[in-house]
Amino acid sequence: MFINGTTIEIPETVGTIQELLIYLKLQDKMVIVEQNGVILQKEDYSQVVKSTDTIEIVTFVGGG
Amino acid sequence: MTSRYSRQELFSPIGYEGQQKICQKHVLIVGAGALGSGNAEMLARAGVGKISIVDRDYVDWSNLQRQQLYCEEDVREHLPKAVAAKRRLEAINQEVKVEAFVQDLTPSGLSAFQHVDLIIDATDNFETRFLLNDFAVKHNIPWIYGACVGSYGITYTILPHQKPCLNCLMKTLPLGGATCDTSGIIAPTVAQVVSYQVTEALKILVEDWDALRNELVSFDSWKNEFSKINVNLLKQDTCQTCGANPTYPYLSNYSLSKVAVLCGRNTVQIRPAKYQAIDVKQYEKYLAPHVQNIHCNPYLLHCQIDQYKLVLFADGRVLIHGTNDVAEAKNIYYRYFA
């Protein structure tokens with residue numbers, strides 16, 4: 001899977017956006033996800049991900 | 001004679017006309033830590049007419065690694081960051097009018113800034129950012145979100161009513177945790193976020209609106225990652241801040257949270273229920289027999305009580321270092337300051 005500009009091997013057990021976020025340990029973070037150029041609403045996180053997908057994930061942080 | 005801003009004027013998107021605009025603009029910088037320092041220095045060098053800086057903290061040894069406006073002398077003098085920043089910025093460019101405010105940002109404090117041209121977010125917490133967002137949207141002031149932790153940085157420019165506001169974006173986010181960053185930070189991360197913020201700031205100050213970035217940008221310069229997302233579709237018509245019927249929830253329901261644990265700092269801040277300017281010198285006389293290592297300047301008083309380090313500011317706030325426990329901190333506060 002192509003995530004934030006890098007090819008990353010993701011186990012086959014990861015089938016949805018939500019599972020991907022859990023795998024990347026981002027499930028409790030504040031993130032915005034784009035899948036193949038389409039920005040996702042939170043309701044869309046049950047959407048299926050494929051190994052050929054291009055994913056962008058932006059995490060909000062607070063420090064300054 | 002070559003003008004001070006000649007290189008910037010030779011840059012054609014700014015030019016002489018753009019420089020004239022920059023020199024007449026007023027920028028509010030909220031927070032004078034790492035991002036605040038970097039933004040303030042670049043904007044002062046760029047010749048912004050007036051810069052107002054709000055910060056509630058004072059300069060500490062742990063700041064010097066990345067907060068570029070400060071030096072060892074500022075730490076020794078226990079100077080508030082806003083005051084030390086003003087001093088340094090005026091030394092860099094005396095043509096810029098610099099205002100320093102040593103205080104927490106509150107709705108009433110913000111009301112003095114209704115006419116600024118731009119707000120730079122350099123805070124370290126979302127409570128203040130949501131307040132800023134409400135205020136900026138209500139008064140139609142562009143603002144630039146910036147944040148960083150470790151080698152990761154993120155930034156986004158908000159043009160009220162034209163792009164989704166912070167409240168729109170957060171509606172799509174699972175809120176919880178992640179606002180308290182304890183993973184450290186390296187200086188290049190700060191500089192990179194600052195570069196994005198100031199470039200966007202210059203575009204806004206010269207009114208080159210078409211040049212503005214339309215995307216949320218993030219990067220991790222240690223992991224060599226970069227990401228940008230166009231978030232325009234996340235603008236919500238029902239948003240309570242920028243939607244059709246705004247209530248500005250963070251401005252109107254703002255409660256002066258009297259006690260705040262400062263994330264990752266092992267520090268509790270206690271603010272009196274009613275704002276009252278105090279004379280810290282008076283407290284010095286009163287406290288001296290009961291505490292150790294007391295030090296006082298016109299802005300604050302520092303002292304040590306057992307394992308705690310206390311800082312009393314002239315706006316009445318007290319920082320109690322050495323604990324994250326609110327009850328413990330209140331106990332000390334009431335014993336010495338109530």
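These remarks concern the structure in this document. All figures in this text were calculated on a predicted structure; none of them were measured in a lab.

Some words on the packing of aromatic side chains
Two measures describe an aromatic ring pair: the distance that separates the ring centres and the angle between the ring planes. Enumeration according to the criterion identifies 11 aromatic pairs over all chains in this entry. Judged by centre distance (5.6 Å) and plane angle (25°), the rings of A:Phe60 and B:Tyr145 are stacked. Taken together, the residues span two chains, with A:Phe60 in strand β5 (residues 54-60) and B:Tyr145 in strand β5 (residues 143-149). In this structure A:Phe60 comes out as buried when scored by relative accessible area, which is 1%.

A closer look at the interface of chain A and chain B
With 24 residues of chain A in contact, the opposing surface of chain B contributes 41 residues. Each partner contributes to the roughly 2,500 Å² buried at the junction of chain A and chain B, and carbon and sulfur atoms together form 62% of this total. At the junction of chain A and chain B, the tally comes to zero salt bridges. At the surface where chain A touches chain B, the tally comes to eight residue pairs in polar contact (both at pLDDT 80 or more). Of all the elements in the fold, those that place two or more residues in the side of chain A that touches chain B are β3 (30-35) and β5 of chain A. Looking at the side of chain A that touches chain B residue by residue, the class counts come to 10 nonpolar, nine polar and five charged.

Side note on the sheet that holds strand β11 (residues 292-296) of chain B
Residues and elements named next belong to chain B. The strand order across the open sheet built from six strands is β9-β10-β14-β13-β12-β11, with neighbouring strands paired in antiparallel fashion. Each of the sheet's edge strands pairs with one partner strand only, and the pair in question is β9 (259-262) and β11. Strand-to-strand twist across the sheet, computed as the mean angle between neighbouring axes with direction ignored, equals 15°. Where strand β10 (residues 267-270) meets strand β14 (residues 318-321), four bridges bridge the pair, whose relative direction is antiparallel. In the sheet register, Thr267 faces β14, and the bridge partner there is His321.

Conventions we followed
Throughout, residues of each chain are indexed from 1 in the direction in which the sequence is written. In the order they appear in the text, chains get letters beginning with A and ligands get numbers beginning with 1. Where local features are concerned, this predicted model is filtered to residues with pLDDT of at least 70; where side-chain atom pairs are given and counted, the filter is 80 or more; whole-chain, interface and lining totals use all residues. Where side-chain values are given, they derive from all heavy atoms of the structure, hydrogens and water being excluded. Paired rings are identified among Phe, Tyr and Trp, the last through its six-membered ring, by centres lying within 6.5 Å, and are further divided according to the angle between planes into stacked (under 30 degrees), edge-to-face (over 60) and tilted (the rest). The helix count covers DSSP runs of H or I at least four residues long, the strand count covers runs of E at least two residues long, and both are numbered beginning at the N terminus. Whether a residue is buried, partly exposed or exposed follows from its accessible area with a 1.4 Å probe, protein chains only, as a fraction of its type maximum: under 20%, in between, or over 50%, in that order. Whether two residues are in contact is decided by their heavy atoms: any pair within 4.5 Å suffices. Defined in terms of a 1.4 Å probe, buried area is the accessible area two parts forfeit on being brought together, summed over both. Every case where a carboxyl oxygen of Asp or Glu lies within 4 Å of a side-chain nitrogen of Lys or Arg is listed as a salt bridge. Polar contact is defined as a pair of N or O atoms within 3.5 Å, subject to the rule that within protein one atom must be able to donate a hydrogen and the other to accept it, and that residues adjacent in sequence are counted only when both atoms are side-chain atoms. As a working rule, the residues Ala, Val, Leu, Ile, Met, Phe, Trp, Tyr, Cys and Pro are called nonpolar, Asp, Glu, Lys and Arg charged, and the rest polar, with Gly in that last group. DSSP bridges decide pairing: two strands pair if at least two such bridges lie between them. In this analysis, axes come from line fits to C-alpha atoms, helices being fitted only over the stretch in contact, and the angle between any two N-to-C directions falls in the range 0 to 180 degrees.

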